[in-house]
Amino acid sequence: MSRAGLRFWSAVLAFAVFMVDVLTPLEGAVAVLYVVAILLAARTNRRNDIIIAAAGCIVLTVSAYLTSHDLHEIASPALRALVSLAAIGVTTLLVLQNHAATTRLAAQARLLNLSHDMIFVRDRGGVITFWNKTAEQTYGWSTEEALGQLADKLLRTSYPDRREAIEASLLDSGRWEGRVEQRTKAGAVLTVDARWALQHDHLGKPVGVLETHTDVTDRVAAHNALVQSEQRYRRMFDASRIGVVEEDWSGLRTALDALPSRGADLRDYLARHPDFVRHARGLARIIDVNPALQKMAGASSSAAFIENVDKLLGENDRSFLDALVAFAQGERFHEGETELVRLDGGKVPVLFTITFSPRSDDDHDVLVFVVDITERKQAHDALLAAQAELAHAARVATLGELSASIAHEVNQPLAAIVTSGEAGLRWLRRDVPDLKEVATTIGHVVAQGRRASEIVTRIRTFLKKAPAQQDVLQIGEIIAEATALVARELAKDDVALIVETARDLPPVRGDRIQLQQVLVNLLVNAGQAMSGRPGSRTITLRAGTVDGETLAITVQDSGPGIQPDDLPRLFDPFFTTKDGGMGMGLAICRTTVEAHGGRLSVASTPGSGATFHLTLPYSQEHALP
Ligand code: ADP
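Basis of the calculations
Residues numbered from 1 in each chain as written. Predicted model: local features only at pLDDT ≥ 70, side-chain atom pairs only at ≥ 80, totals over all residues. Heavy atoms only, no water. UniProt positions renumbered as here; feature names shortened; annotations may be inferred. Helix = DSSP H or I, 4+ residues; strand = E, 2+ residues; numbered from the N terminus. Pairing = 2+ DSSP bridges. Axes fitted to C-alpha atoms, helices over the stretch in contact; angles between N-to-C directions. Left-handed = near helix turned anticlockwise from the far one by under 90°. Contact = heavy atoms within 4.5 Å. 1 Å grid on protein atoms, 1.4 Å probe; cavity = no way out; pocket = protein on both sides within 12 Å on 5 of 7 lines; lining within 4 Å. Points joined across faces, edges and corners; volume = space filled by probe spheres on them. Nonpolar A, V, L, I, M, F, W, Y, C, P; charged D, E, K, R; others polar. Expected span 1.5 Å × (residues − 1). Buried < 20%, exposed > 50% of the residue type's maximum accessible area, 1.4 Å probe, protein only. Arc of directions from axis to C-beta. Salt bridge = Lys/Arg side-chain N within 4 Å of Asp/Glu carboxyl O.

In the annotation of an unreviewed UniProt entry, the protein is listed under the name C4-dicarboxylate transport sensor protein DctB and assigned to Bradyrhizobium arachidis. Looking at the protein in UniProt, the text filed under Function (unreviewed entry) is "Member of the two-component regulatory system DctB/DctD involved in the transport of C4-dicarboxylates. DctB functions as a membrane-associated protein kinase that phosphorylates DctD in response to environmental signals." Under the Catalytic activity (unreviewed entry) heading, UniProt states for the protein: "ATP + protein L-histidine = ADP + protein N-phospho-L-histidine."

(A) Representation of the UniProt feature "domain: PAS" (unreviewed entry) in the protein. According to UniProt, the feature "domain: PAS" (unreviewed entry) maps to residues 104–170 in the numbering used here. The distance separating the terminal C-alpha atoms of residues 104–170 is 27 Å; by composition the span is 52% helix and 15% strand.

(B) Broad picture of the sheet that holds strand β3 (residues 175–183). Spatially, the five strands line up as an open sheet ordered β2-β1-β5-β4-β3, and their pairing is antiparallel. Since the sheet does not close on itself, it has two edges, and those belong to β2 (128–131) and β3, each with one partner. Neighbour-to-neighbour, the strand axes of this sheet turn through a mean angle of 25°, independent of strand direction. Sheet analysis places strand β1 (residues 118–123) next to strand β5 (residues 206–215), joined by six bridges and oriented antiparallel. Each residue of the ladder has a partner; that of Ile119, found in β5, is Thr212.

(C) Structural context of the packing of helix α11 (residues 265–272) against helix α16 (residues 319–328). Where α11 contacts α16, the two axes come as close as 10 Å, and the packing angle between them is 145°. α11 and α16 meet at a crossing whose hand is right-handed. Where α11 approaches α16, its residues Leu266, Arg267, Leu270 and Ala271 are matched on the opposing element by Leu321, Asp322, Leu324, Val325 and Ala328.

(D) Broad picture of empty space enclosed by the protein. Under the definition given, this model contains three cavities of 30 Å³ or more. Quantified by volume, the largest cavity comes out at close to 430 Å³. Forming the walls of the largest cavity are 22 residues, and the residues nearest its centre are Glu247, Val309, Leu313, Phe320 and Val368. Mapped by element, the contributors of at least two residues to the lining of the largest cavity are β6 (243–248), α15 (309–312), α16, β8 (333–341), β9 (347–355) and β10 (366–372). When its residues are assigned to classes, the lining of the largest cavity shows 17 nonpolar, two polar and three charged. Taken as a whole, the second largest cavity spans an internal volume of roughly 60 Å³. Lining the second largest cavity are Ile475, Leu515, Val518, Leu519, Ile553, Val593, Leu614 and Leu616.

(E) Summary view of helix α3 (residues 47–68). Here α3 contains 22 residues, and its C-alpha end-to-end distance of 32 Å stays within 8% of the 32 Å for a straight helix at 1.5 Å per residue. Among all positions of α3, only Asp49, Ile50, Ala53, Ala54, Cys57, Leu60, Thr61, Ala64 and Tyr65 are buried. The buried residues of α3 occupy one face: seen down the axis, they fall within an arc of 130°. Turned more than 90 degrees off the buried face of α3, the exposed positions are Asn48, Ile52, Val59 and Thr67.

(F) Region of the structure containing the sheet that holds strand β7 (residues 285–289). Read from one edge of the open sheet, five strands run β7-β6-β10-β9-β8, paired in antiparallel fashion. Every other strand in the sheet has two partners, leaving β7 and β8 as the edge strands with one partner each. On average, adjacent strands in this sheet sit at an angle of 30° to one another, irrespective of strand direction. Across six bridges, β9 lies against β10 in antiparallel orientation. When the sheet's bridge partners are listed, Thr353 is paired in β10 with Phe369. Each of β6, β7 and β10 touches helix α9 (residues 217–239); the most contacted strand, β7, lies at about 90° to it.

(G) A look at the layout of surface pockets. By volume, the largest pocket is sized at about 800 Å³. Considering the residues around the largest pocket, the lining is formed by 32 residues, among which Asn525, Gln528, Thr576, Thr577 and Lys578 are closest to the centre. Those elements giving two or more residues to the lining of the largest pocket turn out to be α17 (374–429), α20 (512–530), α21 (585–595) and β17 (610–617). Looking at the lining of the largest pocket element by element, the count peaks at seven residues for α20. Residue composition of the lining of the largest pocket, grouped by class: 15 nonpolar, twelve polar and five charged.

(H) Main features of the pattern of salt bridges. Summed over all chains, the structure comprises 19 salt bridges. Glu145 serves as the salt-bridge partner of Lys185, at 3.0 Å between the closest nitrogen and oxygen. On the criterion of sequence distance, the pair formed by Lys185 in the loop between β3 and β4 (189–200) and Glu145 in helix α6 (residues 143–146) is long-range, its members being 40 residues apart. Arg278 is the salt-bridge partner of Asp275, the closest N and O atoms lying 2.7 Å from each other. Placement of the pair is Asp275 and Arg278 together in helix α12 (residues 274–283), with a separation of three residues, close to one helical turn. The exposure class assigned to Asp275 is exposed, which follows from its relative accessible area of 54%. The exposure class assigned to Arg278 is partly exposed, which follows from its relative accessible area of 43%. Each of Asp152, Arg163 and Glu167 takes part in salt bridges that share partners, so that together they form one network.

The structure is reproduced here in structure tokens:
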């Protein structure tokens, strides 16, 4: 019922009692029924309503007494009126007290409702008597639904311990704290930190329990995820075949910060101060080292590894210096290759990656991953050796084709030597020998002899099984040497060679003989493709630049071109369409070019020739001003 309704019915009741009191001769204390009107007014929960109702009832009781009784007959009617007034007074007092207590409780409940925790009160029997707003929102039951329910049953609580033991500890200390699982109305399982406090009545008898629940489901999930991730990391650390060492480089940071040199000068400074680098190695504090790395280093335990860490990198190791520079420059990680000196003295080639923390103030967690590349190195060396063998075989084969050219080239200076020698003899045999002319002719003999020797040297170097070199090369010179080697062969087949080299091409880095061999192969192939064919036979060799970063060479012929079916297999080893061909030339050319960081490809329209495209990166250190 609304407040206005309660007030109305309270007034109606009081008036009815008044009428009965005045109009009927009832002997009983009808006025006592005013108490009901006051109780009705009290339900509005307003102090003023109670006071007004009480005052009204008193006025009505007194009025009824005065109007219906003679003032002289004071005895029993007056007594009844007094009893009624006393009843009204006592009721009003109790109702007002009750109102004050309810107001206080409501204020407390409002406070509890403000809490972010779920709070409820249950009596000793476990029945819920208070249920706050957060409990409504989180657990899903409204206050009306929750009140009167058994808390454990409603929330399907699962406890970390036996329920009786928990209850006993609560009774014993008046409090209990623990982590429990609750189910919401929707069926979700929540993990909550529960705090219980025993409530007592004024005699000290336990009457109920105030439970406060903090939802820690997300926190627990995050914690579990962290624990799992930690365990996963631990498993990876322990079981990995990759060596891992965890280090603290904060001491190194302090030492580097104290150096006079920074930035670009640091590398120079460190190179000039090997003592500092050695000292710095000792500042990288090892926190943990996994079994794989212990095994790689031949250490029986992580303690043995840590004890001997100074011996693990050889005296001439430069990898630590490079790592220091990367660390000082704020790199996120640094990779390199070095050699580990095992505790038994053996050497292990390794690849390593160091990961630094992204925050420069957190250098406590530097991870170094180390991979043993002994097997890979052996396989690589074997591959290089096989490649060199093959390249040599192919060179010998190419030289077979070039023998006529060699003979011709050497023959020419030899013929010139003979001619010059004869001329010299003639000057000598004169009646008066002309020594000046003799000297000139001997000069010619020497020069031609040198030329012949140079040709032989060039051919011998070309044939030699020398390891690859890393020289700075002018491509113009390589083109000139390669074309000189094939000139005779091409001339024999009546092939015209046009060379167009752009001016001022920057140098490339690589092996002179290998690159020469690539060009010789492409030119010989082009010549052979056109040999014996009608029409003009031309090879155009162009050298220029692409995007200012790459050298591009094309070798274009006017031969039959390549059949589309053959194109995908052209660079495969042993693919040949020639009788007696080896099919190694193009395979080796491609490997060589790729080993130089470049690419080799071909384009061809059958019937109108083939064009081989070769690119090589410029040598960076020489391209820079
Ligand atoms: P080989 O010369 O011993 O056959 P290569 O690997 O040098 O081995 O060449 C493989 C094949 O590629 C040749 O047999 C030939 O069919 C084809 N080829 C190479 N260059 C050309 C070219 N310029 N024009 C047409 N075909 C070519």
